[in-house]
Amino acid sequence: MISDPEAVAALHRADALHTALSHIVLEGGDLVAIAEAVGAALGCGVVFTSTDGRERAAHLDEAQREALAGADLVDPTGRVRVERIDPGGTAVGEGEALVRRVVAAGVDLARLVALNPDGKIHSSDAHALERAAIVAALLVTRVEAVTAVENKYRGDFLRDVFLGRAGEEDYVAEHAQAFGWHLDRPVMVVVAVLDPDAVAALVSSPEDRRAWQDRFANAWRQVSAGVDGSIASVAFSREVVTLVPVDTDADPASTHAAVDRIVEAVRGDRGGGRISFSAGVSRVAHDLGELPEAFRQAQRAVEIGRRVHGGGTVTRFDQLGLHRLLALVPDGAELTAFAADVLGPLAERTPEAADLRETLQVLLDTNFNVAEAARAQFFHYNTMRYRVGKLQRILGPVATDPHLRLDVAVALRALEIAG
């Protein structure tokens, strides 16, 4: 017979929770219902999050939210820093928080965080949370199976919109409303892709790649829905496409800020196992008819931005400068041929050619001021003069011929785009 009053109370709480969870399963409840049941039965705050800490359902009052933030367990974007919470308990004020994984068939689905800011969470309550996590896994698996079908249908529809084969604009707008989307308004198309180097470092199998891609797409959908429930955000095979509404009457800085807020929220504070990604942003598409071109602009922006600036960048089509014009050349082979014609041996993929191209770019940037270019590359003045002579033997009088200099500058940019 158990005589410890605290242990007896914990058993009563666990029994109450078991009954509540059974009703939720039978009645087809959701994560919100589980969070409320756990919170009511165990007398603690509860939040279900994605695997990287984005809130999905919660039973938290303002004091409990403030306690989590005060313990530095919430980042500026609102993401719960689940990676900082220990399954055995992490101090929060005078109390603690602990985390449980929500897992089904080996697939990591979500996180359950329990919080008692006034004291420790009893060990029996911690075991009860395991049961709640199992029930949550059943519900999440069911919901995600349905959602996967819905997301594929939505993705196919938006792809048809971008290809111009979804039908008349009135039909498209009406059909989009059935998904809860508002497409017939000014938007910027954002195309986001996981950076290959980051994927290669973390992924060991096609299944892992799909899991990361699904997690990435879910993050975009969840953040977008938090900003505006009528934002369309879908996953294609290797990219996530989001249509961010903008105010065309506002100044350009405010327009860009609308996109930046969503991108930064998806990035979070890079904790919780997230992965580096790049994004491309189109010009403003004022109506449905401009969406196909805006999608192509965003695709080109992310592709060129990653080639020129590396991974983890956000590139706007309107800010590509000369790259923007070159991006309109449909045949990449033509760009490569142009670069080879103008640059000759400097277009080759060798360390020596790359080194000379770097010097050539510095000289162009300094208007062929040899002394300034030498300082920029930490060369002796005579070394830079020798390099200028070598470059001119390869290219011709690039230091004095403005037309040749323009061709060379364009060829260097073309080579960046052609990869």
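Residues numbered from 1 in each chain as written. Predicted model: local features only at pLDDT ≥ 70, side-chain atom pairs only at ≥ 80, totals over all residues. Heavy atoms only, no water.

Peer 1: Sorry, what's going on with empty space enclosed by the protein here?
Peer 2: Here the idea is plain: a probe the size of a water molecule rolls over the atoms and shows the empty space left. The final tally for this structure, using the stated rule, is one cavity of 30 Å³ or more. There is about 90 Å³ of room inside the largest cavity. Together, D52, R54, W212, R215, F216, A219, V266, R267, R274, I275 and F277 line the largest cavity. Mapped onto the lining of the largest cavity, the elements with two or more residues apiece are α7 (206-227) and α8 (252-267). The class makeup of the residues in the lining of the largest cavity is six nonpolar, no polar and five charged. (1 Å grid on protein atoms, 1.4 Å probe; cavity = no way out; pocket = protein on both sides within 12 Å on 5 of 7 lines; lining within 4 Å. Points joined across faces, edges and corners; volume = space filled by probe spheres on them. Helix = DSSP H or I, 4+ residues; strand = E, 2+ residues; numbered from the N terminus. Nonpolar A, V, L, I, M, F, W, Y, C, P; charged D, E, K, R; others polar.)

Peer 1: Would you mind going over the nonpolar core with me for this structure?
Peer 2: In summary, soluble globular proteins display a tendency toward joint burial of nonpolar side chains. Grouped together as the largest cluster of nonpolar side chains are 32 residues, with contacts concentrated most on L17, I34, V38, F48, V102 and L112. Contributions of two or more residues to this core are made by α1 (5-27), α2 (31-42), β1 (45-49), β4 (95-104), β5 (107-116) and α4 (123-162). Of all the elements, α4 adds the most residues to this core, at ten residues. Contacts of I34, omitting those with residues within four sequence positions, involve L21, I24, F48, A132, V135, A136 and L139. (Core = buried A, V, L, I, M, F, W, Y, C linked by side-chain atoms within 4.5 Å. Buried < 20%, exposed > 50% of the residue type's maximum accessible area, 1.4 Å probe, protein only. Contact = heavy atoms within 4.5 Å.)

Peer 1: It is not clear to me how the pattern of salt bridges should be interpreted in this structure. Could you clarify?
Peer 2: Where charged atoms from two side chains of opposite charge approach closely, those side chains can pair. By the definition in use, this model includes 20 salt bridges. Where D108 meets R101, a salt bridge forms, and the shortest distance between an N and an O atom there is 3.7 Å. A cluster of three or more residues bridged by salt bridges with shared partners is formed by D72, R81 and R84. (Salt bridge = Lys/Arg side-chain N within 4 Å of Asp/Glu carboxyl O.)

Peer 1: Which parts of the structure should I look at to understand the environment of D247?
Peer 2: Locating D247 in the fold gives a position in the loop between β8 (240-245) and α8. Residue D247 is classed as partly exposed on the basis of its relative accessible area, which comes to 45%. In this structure, the C-alpha to C-alpha distance between D247 and H127, residues 120 residues apart in sequence, is 50 Å.

Peer 1: Can you walk me through the layout of surface pockets in this structure?
Peer 2: Counted as a void, the second largest pocket has a volume near 220 Å³. Sorting elements by how many residues they give to the lining of the second largest pocket places α7 first, with four residues. In terms of residue class, the lining of the second largest pocket is made up of three nonpolar, four polar and four charged.

Peer 1: What is the right way to read the confidence of the model for the protein chain from this model?
Peer 2: Predicted coordinates in areas of low pLDDT are best not read in detail. Of all residues in the protein chain, 95% attain a pLDDT of 70 or more, and the chain-wide mean is 86. Mean pLDDT values over the elements of the protein chain span from 72, in helix α10 (residues 322-327), up to 95, in β8. (pLDDT = per-residue confidence, 0-100.)

Peer 1: Can you walk me through the sheet that holds strand β3 (residues 90-92) in this structure?
Peer 2: Sheets are built from strands that pair by backbone hydrogen bonding, the pairs being arranged parallel or antiparallel. One open sheet holds the five strands; their spatial order is β2-β1-β5-β4-β3, and the pairing between them is antiparallel. Where the open sheet ends on each side, the last strands, each with one partner, are β2 (55-59) and β3. Strand-to-strand, the axes of this sheet are offset by a mean angle of 25°, without reference to chain direction. Two strands pair when backbone bridges link them, and β3 and β4 are joined in this way by three bridges, in the antiparallel orientation. Bridged to V92 within β4 is G95. In the packing of α2 onto the sheet, the strands contacted are β1 and β2, and the crossing angle to β2 comes to about 35°. (Pairing = 2+ DSSP bridges. Axes fitted to C-alpha atoms, helices over the stretch in contact; angles between N-to-C directions.)

Peer 1: Would you mind showing me how to read the packing of helix α12 (residues 351-365) against helix α14 (residues 381-395) here?
Peer 2: When two helices pack together, their arrangement is given by the angle between the helix axes and the distance between those axes. Between α12 and α14, the least distance of the axes is 11 Å, while the angle of their chain directions is 105°. Of the possible angle classes, the one that applies to α12 and α14 is roughly perpendicular. Taken together, the residues of α14 that come into contact with α12 (itself represented by E352, D355, L356, T359, L360 and L363) are M384, R387, V388, K390, L391, I394 and L395. Class assignment for the residues of the contact of α12 with α14 results in eight nonpolar, one polar and four charged. (Parallel < 35°, antiparallel > 145°, perpendicular 65-115°, else oblique.)

Peer 1: Teacher, can you tell me more about the pairing of β8 here?
Peer 2: Look at any regular strand and the pattern is simple: side chains alternate between the two faces of the sheet. Within β8, five of the six residues are buried, leaving the element largely enclosed by the surrounding structure. With six bridges joining them, strand β6 (residues 187-194) and β8 adopt antiparallel strand pairing. Counted as the bridge partner of V187 is P245 from β8. What sits between the antiparallel neighbours strand β7 (residues 233-235) and β8 is a turn of four residues.

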